[in-house]
Amino acid sequence: MNKILLIIRREYLSRVKKKSFIVLTFVVPLLIMIMYAGVIFLIADGDKLSGPRSIVVVDESGIFANQFKNDATTTYLYSTSDIETAKEEFKNSKNDFLLQIPPIGEEKRIRVQIFSEKQPGIGLVSSIGDEIENVIRDKKLLDANIDTAILNNLSTKVSVDTKKLTEDGEKDASTIATFGIGLVCAFLIYLFIFLYGVQVMRGVIEEKTNRIVEVIISSVRPFQLMMGKIIGIAMVGLTQFLLWVILSVAVTSVVGAVFVGGAEKNIIENVQSSTGVTDAEMQAVQETGVMEKVMKELGTINFPFILGCFIFYFLGGYLMYSALFAAIGSAVDNETETQQFMLPITIPLIFAFIISVNVVPNAPDSALAFWLSIIPLTSPVVMMVRIAYEVPTWELLLSMGLLIVGFVFTVWIAGRIYRTGILMYGKKVTFKELGKWLFYK
Amino acid sequence: MLKIKNIVKQYAQHKALDDVSFEIEKGSIFGLLGPNGAGKTSLIRIINQITAPDSGEIIFQGEKLNPNHISKIGYLPEERGLYKKMEIGEQILYLARLKGLSSADATLKVKYWFEKLEMKDWWKKKVEELSKGMQQKVQFVATVLHEPELLILDEPFTGFDPVNAEIITNEILELNKKGTTIIFSTHRMESVEKLCDSIALIHKSKKVLDGKVTEIRNSYRSQTYEIGFSANSLNGNLPSDYSLVSTSNNKMTIKMNSNTSSNDLLKALIPYVEITSFEEIVPSINDIFIQTVTENN
């Protein structure tokens, strides 16, 4: 046992001390910070990026006079000239865009032109389009003698709350948020199994091609060497994950405090001014909006339960797959030969991930979702997503139990392939050959 | 020290060891000889408990071989290797601790050996920064650091330059004087013949010969002498007790036919030629090996 600890220690330290580990560990939260700051910056100040702009409106329909609203960055000027003279004037002026609105009759489609020297942004084009549609609609309704008061009451915002009926009474169900978290967890498990499983394989190949493996297994049993490597690398993975969580939380809260405090008001103002809603409407949006809903749901999530499941399925899935990766590493002489053996291992994992993104959210209780969340090769990924939909306890226990059986079994198989493989050189190994190794004494 | 009893090891396609038995005395230098692919490495792996035999057993110091013996055996495999990116000092410490040494004990011993083999500046270096010969030295230190009672060296001299080979040979002899039993495994029989007390010859998975080197060689003596001479020649004046095997300008080989002594041969020759040298031809292990193998075939 003492020896396995020595191996774990070496595997762990030799990786954690590497420059690439340190760089990756600190660069990822930094990237998250930059991304986060960038998004906030763009939302808060995106419009200001383009600087102030002025738009000359040539209104041939006669209904748009003073209908466009000026804001901090956009100024509308109204020209009474006909379009040809307006174009001449525009060329000599410093205005940015020229907007031509044709006469409007009963037609369903109208064509509006924007003239400019530079390409207008998509945001500007679509906001002008929306504005014109609104004005025309209002005018048509007024022409039909419909009151503006009724108009304002026409639109009703609807939000669907999900509540579950349980024996304890009604409970807020939290599908959107848990599904999101489940999906993130499933993705992390998928990513970590690949990332660190391949590291296990590389480590085994390195020891084999270095020929140090024979020196080491004259001191420890091959199984100890394999398990020491697998556990050591699992700890590297957990360390990295933990550091990412800590650093990301620290970094985002710092960024949040610095930027959002000042920027939040700006965002709301910007949203308001660009969509033209009133404060009261804004209030309504905030109360029933998706964000609000997600925030409310986050409060109802059983975090310790989700975290517990994550760690269990991460470790179980990783142990199972990395043992297989170790077996592959032991059977080949260099990394280029791993292809044929990698495929059968990666396919169930990729399949599980595709299913959990595409099928599970729509049909969490379907037979496909059920079986994939029970079978050990796919359960670490699929079950993490299904958990959002409150899986019956027996299904969860069955899935966990089978995962334990699964990894004990694969570790056993891998151990038998490994101890033969690491001493085998210069031989192209086939699946049939691997099968034979299982039964060597 | 080590008794190997009826070891059989079967791989999928071929038998690596077929009923091999012999004994190694404590404190001896033992040569495990045989051509490539004879089964030497398979046997060594079994002694190191890397693989298990299909049948037969090994007795180490009176006990059946078990995991407790691992720390008493040092093994230098034919194909050597170290972690390329790991510092030398750290690496040797790690290998020593895997053999069961405590951290403090291991550190002391590494320092002792580094001093002894003039490797002091290497502690912080990585293996990839060292030359092949230097790496071999590091590997040797890693093998003997835990003061094994049995030292197994598989093709120990391949890759060493003559200077380092000399240094390592002397270290091995010194360890042997302190009581370490040593097994040399090699297909280059002439390289260890002078060092070994006893040998076992393995050919095609079978042991074909074993025993003390002197005894084996004596038993293969054929009472043949090489005689250097000057002036004259025998001109056929050789008594019928002897037969002339070959002759050249100033050397001849003579085989004695009956139970006569070397002095009788000298007496018979002196009247005819002037003798400059007189030596019995004792076959080398290599000759004996070739002879045995051809006989067996």
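Quick caveat, the model's predicted, so the values are computed rather than measured.

## Looking at the overall build of chain B
Line of reasoning, step 1. Within chain B one finds nine helices and 14 strands.
Line of reasoning, step 2. Compactness check: chain B gives a C-alpha radius of gyration of 24 Å against a globular reference of 19 Å for 297 residues, more than 25% above the reference.
Line of reasoning, step 3. Across the 297 residues of chain B, 36% fall into the buried class.
Line of reasoning, step 4. Of all intrachain contacts in chain B linking residues separated by at least 6 positions in sequence, the fraction that spans at least 24 positions is 71%.

## Quick notes on the interface of chain B and chain A
Line of reasoning, step 1. Taken together, the contact pairs 20 residues of chain B with 16 residues of chain A.
Line of reasoning, step 2. Among the elements that take part in the side of chain B that touches chain A, helix α2 (residues 88-98) of chain B stands out by supplying four residues, more than any other.
Line of reasoning, step 3. Of the residues contributing to the side of chain B that touches chain A, the split by class is 12 nonpolar, two polar and six charged.

## A few points about the nonpolar core
Line of reasoning, step 1. Counting 131 residues, the largest nonpolar core has A323, A326 and M384 of chain A together with I92 of chain B as the members making the most contacts within it.
Line of reasoning, step 2. Once residues lying within four places of it in the same chain are set aside, the contact partners of A323 of chain A are I230, F407, T410, V411 and A414 of chain A.
Line of reasoning, step 3. Core analysis: the second largest hydrophobic core is formed by 14 residues, F64, L98, L99 and I128 of chain A among them.

## With respect to helix α4 (residues 122-143) of chain A
Line of reasoning, step 1. With 22 residues, α4 of chain A should reach 32 Å at 1.5 Å per residue; the first-to-last C-alpha distance of 32 Å fits that figure.
Line of reasoning, step 2. Positive phi appears at N145 of chain A, one or two residues downstream of α4 of chain A, with a value of about 65 degrees.

## Topic: the pairing of strand β4 (residues 55-60) of chain B
Residues and elements named next belong to chain B.
Line of reasoning, step 1. The sheet contact formed by strand β1 (residues 2-10) and β4 spans five bridges and is antiparallel. Residue L2 lies in a different strand from β4, and its bridge partner there is F60.
Line of reasoning, step 2. Relative to strand β5 (residues 63-64), β4 runs antiparallel, the two sharing two bridges. Bridge pairing in β5 links I59 to K64.
Line of reasoning, step 3. The loop that links β4 with its antiparallel partner β5 comprises two residues; one of these, Q61, has a positive phi angle of about 50 degrees.

## Focus: the packing of helix α11 (residues 303-331) of chain A against helix α15 (residues 393-421) of chain A
All names here are of chain A.
Line of reasoning, step 1. The N-to-C vectors of α11 and α15 enclose an angle of 20 degrees; their axes lie 8 Å apart at closest approach. With respect to their mutual orientation, α11 and α15 come out roughly parallel. Both α11 and α15 take part in a crossing whose hand is left-handed. Along the contact surface, α11 presents F312, G316, L319, M320, A323, L324, A326, A327, S330 and A331, while α15 presents M400, L403, I404, G406, F407, T410, V411, A414, I417, Y418 and G421.
Line of reasoning, step 2. Looking at the contact of α11 with α15 residue by residue, the class counts come to 16 nonpolar, five polar and no charged.

## Remarks on the sheet that holds β5 of chain B
Pairing between the strands of a sheet is mediated by backbone hydrogen bonds and can be parallel or antiparallel.
Line of reasoning, step 1. Spatially, the four strands line up as an open sheet ordered β2-β1-β4-β5 (chain B), and their pairing is antiparallel. Every interior strand has two partners, whereas the edge strands, β2 (15-24) and β5 of chain B, have only one.

## Structural notes on the sheet that holds strand β3 (residues 97-101) of chain A
Residues and elements named next belong to chain A.
Line of reasoning, step 1. The four strands lie next to each other as β2-β1-β3-β4, forming an open sheet whose pairing is mixed. The outermost strands of the open sheet, each flanked by one partner alone, are β2 (74-79) and β4 (113-116). Mean inter-strand twist for the sheet, computed between neighbouring axes without regard to direction, equals 25 degrees.
Line of reasoning, step 2. In terms of strand pairing, β3 meets β4 through four bridges, oriented antiparallel. When the bridges of β4 are listed, L99 appears paired with I114.

## Brief notes about the environment of I136 of chain A
Residue and element names in this part refer to chain A.
Line of reasoning, step 1. The residue I136 is located in helix α4 in this model.
Line of reasoning, step 2. Accessibility expressed as a C-beta count within 10 Å gives 16 for I136, which makes it partly exposed.
Line of reasoning, step 3. Here the alpha-carbon distance between I136 and I8, two residues 128 residues apart in the chain, equals 72 Å.

## Regarding unusual backbone geometry
Residues and elements named next belong to chain B.
Line of reasoning, step 1. With phi around 55 degrees, D19 is a residue other than glycine that occupies positive phi space.
Line of reasoning, step 2. Position of D19 relative to the elements: it lies in strand β2.
Line of reasoning, step 3. Phi is positive for Q223, which is not a glycine, with a value near 55 degrees.
Line of reasoning, step 4. Of note, Q223 is situated in the loop between α7 (213-219) and β11 (224-230).
Line of reasoning, step 5. Exposure remark for Q223: the 17 C-beta atoms within 10 Å place this residue in the partly exposed category.

## Considering the pairing of β2 of chain B
Line of reasoning, step 1. Pairing analysis gives six bridges linking β1 of chain B to β2 of chain B, with the strands arranged antiparallel. Of the residues in β2 of chain B, the one forming a bridge with K9 of chain B is L17 of chain B.

## Description of the confidence of the model for chain B
Line of reasoning, step 1. A residue-level look at chain B finds 97% of positions with pLDDT of 70 or above and a mean pLDDT of 86.
Line of reasoning, step 2. Predicted complex, confidence summary: ipTM 0.81, pTM 0.74.

## Here we look at the packing of α2 of chain B against helix α3 (residues 103-116) of chain B
What describes two packed helices is the angle between their axes and the distance between those same axes.
All names here are of chain B.
Line of reasoning, step 1. Direction vectors running N to C along α2 and α3 enclose 130 degrees, while the axes themselves pass 9 Å from each other. In terms of orientation, α2 lies oblique with respect to α3. Judged by the sense of rotation from one axis to the other, the crossing of α2 with α3 is right-handed. Within the contact between the two elements, α2 uses G89, I92, L93, A96 and R97 and α3 uses S103, A106, T107, K109 and V110.
Line of reasoning, step 2. Looking at the contact of α2 with α3, its residues break down into five nonpolar, three polar and two charged.

Definitions and cut-offs
- Residues numbered from 1 in each chain as written.
- Chains lettered and ligands numbered in written order.
- Predicted model: local features only at pLDDT ≥ 70, side-chain atom pairs only at ≥ 80, totals over all residues.
- Helix = DSSP H or I, 4+ residues; strand = E, 2+ residues; numbered from the N terminus.
- Rg over C-alpha atoms; globule rule 2.2 N^0.38 Å.
- Buried ≥ 20, exposed ≤ 12 C-beta atoms within 10 Å, placed from the backbone.
- Contact = placed C-beta atoms within 7 Å.
- Nonpolar A, V, L, I, M, F, W, Y, C, P; charged D, E, K, R; others polar.
- Core = buried A, V, L, I, M, F, W, Y, C linked by C-beta atoms within 7 Å.
- Expected span 1.5 Å × (residues − 1).
- Pairing = 2+ DSSP bridges.
- Axes fitted to C-alpha atoms, helices over the stretch in contact; angles between N-to-C directions.
- Parallel < 35°, antiparallel > 145°, perpendicular 65-115°, else oblique.
- Left-handed = near helix turned anticlockwise from the far one by under 90°.
- pLDDT = per-residue confidence, 0-100.

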